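Here is how the chains run, residue by residue.
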Amino acid sequence: MSEISISVHNVSKNFKLFHEKHNTIYESFSGFFNRAKNYETLKALDDVSFDVKRGEMFGIIGKNGGGKTTLLRLLSRIMKPDKGHIHTNGKVIPLLALGLGFHPELTATTNIIQSSVLFGIGKKEITPKIDKIIQFAGLKKFADTKIKNFSAGMQMRLAFATAMQVKPDILVLDEVFAVGDLDFQEKCYDAIMSFKKQGKSIIYVSHNMDAIRTHCDRVLFLNKGKVESIGEANKVTKLYEDFSKSHSGEQVNI
Amino acid sequence: MRQIIHEMWNMRNMIFNFAISDIKIRYKSSVLGIIWSLLEPLLLLGVLFFVFSTLFKFEIPNFPIYLLLGLITWNFFKNSTNFALSSLVNRKSLLTQIYFPKSIPAISACLSASIMLIIELGILGVFMIILGYTPPITILLLPLVFLMMLAMIIGISLPLSVLNVKYRDVEFIWGVVIQAGFFVTPIFYRFDMLPEYIQNIFQFLPTVQLLTMAHHLTLYGTFPSDNTIIYSIFMTLIILGVGYSIFRKLQARIVEEL
């Protein structure tokens, strides 16, 4: 087996920022005759390349709008890159927001099944594990409660517990622990560590530099869609902190 | 065609799961919920029966059966395309968080509608017993008509589901199409009651041909004409092919459009 679990080669992704978006057929027709360019191109990612090794926890940091979430969406195949290519070795499970795309009108148990099925795990395979998932999430009383009645923390716990049972090879986490309490965060980091020992990789996005320094092996610093720096965690986080300080003058004080 | 069937087979778990959760969400997991959705066509049946058998004195043999068969067939078309229309838009959060093939929601919507169709056909059976109507042996071929219809409906539902993400007025346009289709299709009248020049135009509508086939098999005990069968198969394949290629083209950037 190869040592690389993710390799990203010269990936670019552009978005069209519409001044006025055409959302109806009528508007598209009238826009067709009025050919003024009504959008700007935003380079969300510009020529990004990096590799992630097996058993590595890889951090991604950067300011809001730096392209972090776009990169995670490309890694988890939700979007396709415009240029370049991404190769992943094994099953990627993304935790990009609260929940794994949970449906608010369905119960916790039904949502566990739905998400697992979407990740290619059959209903028969996941049903015996449901108790374990609910227990790990600490939601024993709420197994048959609809997700719409869950708090943000509860949704995150359920999502993380489900993701771990689906047995991913690569786990993609986007600032998910911010809503969890400290006890659960500890539990998650323990789970992640044992996960790492099995030779699996974690991509971790956070604004919490302490968490990044303690847990990540290497860190990528994205600035306006470009790779600003990539390397050892302490070094890159230091660079990012200095960068933030020197650029804080640009921001308007309220 | 083979590609679609192959794709559907690989994704059967997801499709069934979505179809079941669709029905659960729509009817809030209650038995009464499904009963309400069945009451709607029955009420419509009552109204149409009253209007056309007593007021306009239409002389169609076995009019209640004729009417109910038409309503059920039309409902299948209406339900599945309407379910599919909102299937991707309703799963906005799922689409931006997990990768899955974009064809699943629309196909599951058609499957949910098929489950409703089977329940409604059961009601038709009950009506036949109550009215003491013995259908001809050709009724055994009726499932083939609905299978062909399902293929055609999938061909319409796939592009509708992505078009509705891109253009939000598709929903309203389709509402008008469904309204018009109800009157253009021979649900509460016999097709040959229409003036000939209108017949010549409307006969090209695939729903008209499919319902005509259902009438032949359920009520007249005759086989549909060769022309009807060949035309229906031809149209089904065309709609499926064109619909799938529109869908394929549009689905690639759908997450960015949300």
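Residues numbered from 1 in each chain as written. Chains lettered and ligands numbered in written order. Predicted model: local features only at pLDDT ≥ 70, side-chain atom pairs only at ≥ 80, totals over all residues. Heavy atoms only, no water.

**Q** Account for the overall build of chain B, naming residues and giving values.
**A** The helix and strand inventory of chain B stands at 12 helices and zero strands. When the elements of chain B are put in sequence order from the N terminus, they spell out α-α-α-α-α-α-α-α-α-α-α-α. Whereas a compact globule of 258 residues would reach a radius of gyration of roughly 18 Å, chain B reaches 19 Å, a difference of no more than 12%. Expressed along its principal axes, the backbone C-alpha trace of chain B runs to roughly 55 × 40 × 35 Å. The buried share of chain B, taken over its 258 residues, is 51%. Put simply, of all contacts in chain B between residues at least 6 apart along the chain, 80% involve residues at least 24 apart. Total accessible area on chain B stands at roughly 12500 Å², and carbon and sulfur atoms take up 71% of it. Counting 16 positive and 12 negative side-chain charges, chain B places the centres of these two groups 11 Å from one another. (Helix = DSSP H or I, 4+ residues; strand = E, 2+ residues; numbered from the N terminus. Rg over C-alpha atoms; globule rule 2.2 N^0.38 Å. Buried < 20%, exposed > 50% of the residue type's maximum accessible area, 1.4 Å probe, protein only. Contact = heavy atoms within 4.5 Å. Areas by Shrake-Rupley, 256 points an atom, 1.4 Å probe, with all protein chains shown as cover. Lys, Arg positive; Asp, Glu negative; His and termini not counted. Charge placed at Lys NZ, Arg CZ, Asp CG, Glu CD.)

**Q** I'd love a proper account of a negative patch on the surface, names of residues and values included.
**A** Residues and elements named next belong to chain A. Where like charges cluster on the molecular surface, the negative patch consists of Asp181, Asp183, Glu186 and Asp190. Mapped onto the fold, Asp183 is located in helix H7 (residues 182-197). For Asp183, a relative accessible area of 65% gives the class exposed. (Patch = residues over 30% accessible without salt bridge, like charges linked within 9 Å, V, L, I, M, F, W, Y side chains within 5 Å. Salt bridge = Lys/Arg side-chain N within 4 Å of Asp/Glu carboxyl O.)

**Q** Go over the pattern of salt bridges, please, and point to the residues and values.
**A** Two side chains bearing opposite charge may form a pair once their charged atoms approach each other closely. Residue and element names in this part refer to chain A. Applying the stated rule across the entire model yields 15 salt bridges over all chains. For Lys13, the salt bridge identified is with Asp82, shortest N-O distance 3.7 Å. A residue pair is termed long-range when its members are at least 10 positions apart, and Lys13 in strand S1 (residues 4-18) and Asp82 in the loop between helix H2 (68-75) and strand S4 (83-88) qualify at 69 residues. On the accessibility criterion, Asp82 (37% relative accessible area) is partly exposed.

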